[in-house]
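# Tertiary structure, described
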Amino acid sequence: MKKKRHREILGLIKSENIINQEMLLERLRARGIVVTQATISRDIAELGLKKATSDDGIYCYVVPEQLKQTKFVGLFSHAVKTITVAMNTIVIKTYPGLASAVCTALDLRDLSTIVGTIAGDDTIFAMTRSERDAAELAAKLKKLL
């Protein structure tokens, strides 16, 4: 029962913005899972769920991998000014002093299309395997701005 409940909780957290334990209890009950608030509290701790601001700006529960994404999107959207493609290289302009942090966050995403990155004070060069990879990745990154 516990494994099924954990799967349901993770599914709910990933599919909608669950803002508190009461809301999570209601959603589980609607799916036929009746538990106490204390059980939900233990489940949240066991699953490593945290609260963070979603892409919609709502403070809600997130699973650990979503938290990493949320932090990356937050940093990226606040630090990056422009993204330009030059052949198979993506040039990312940041506010002064932030290129290294953004570059590190980008490197931690372990994107297979990126061959390597170099960061200065306000500029990042990200070399990709092909011009097509650069264009596709730049398009995805621009959506985060």
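Structure first, text after, so check above.
Residues numbered from 1 in each chain as written. Predicted model: local features only at pLDDT ≥ 70, side-chain atom pairs only at ≥ 80, totals over all residues. Heavy atoms only, no water.

Grouped together as the largest cluster of nonpolar side chains are 19 residues, with contacts concentrated most on Phe76, Ile83, Ile90, Ile92, Leu106 and Leu141. The set of elements that each furnish at least two residues to this core consists of α4 (64-79), β3 (80-86), β4 (89-94), α5 (99-108), β6 (123-128) and α6 (131-142). With five residues, the single largest contributor to this core is α5. Ignoring any residue separated from it by four or fewer positions in sequence, one finds Ile92 in contact with Phe76, Val80, Thr82, Ile83, Leu106, Asp122, Thr123, Ile124 and Leu141. By size, the runner-up hydrophobic cluster in this structure holds 16 residues, among which are Ile9, Ile33, Leu47 and Tyr61. (Core = buried A, V, L, I, M, F, W, Y, C linked by side-chain atoms within 4.5 Å. Buried < 20%, exposed > 50% of the residue type's maximum accessible area, 1.4 Å probe, protein only. Helix = DSSP H or I, 4+ residues; strand = E, 2+ residues; numbered from the N terminus. Contact = heavy atoms within 4.5 Å.)

What follows covers unusual backbone geometry. Although it is not a glycine, Met87 sits at a positive phi angle of roughly 60°. Mapped onto the secondary structure, Met87 falls in the loop between β3 and β4. Using a relative accessible area of 60% as the deciding quantity, one classes Met87 as exposed.

With that out of the way, let us pick up the pattern of salt bridges. What the rule picks out here adds up to seven salt bridges. Across the salt bridge formed by Asp43 and Arg5, the nearest N and O atoms sit 2.5 Å from each other. In this pair, Asp43 is assigned in helix α3 (residues 37-47) and Arg5 in helix α1 (residues 2-15), connecting sequence segments 38 residues apart. The class for Asp43 is buried, based on a relative accessible area of 1%. By relative accessible area, which is 10% here, Arg5 ends up buried. In this structure, a network of salt bridges that share partners links the residues Glu16, Glu26 and Arg27. (Salt bridge = Lys/Arg side-chain N within 4 Å of Asp/Glu carboxyl O.)

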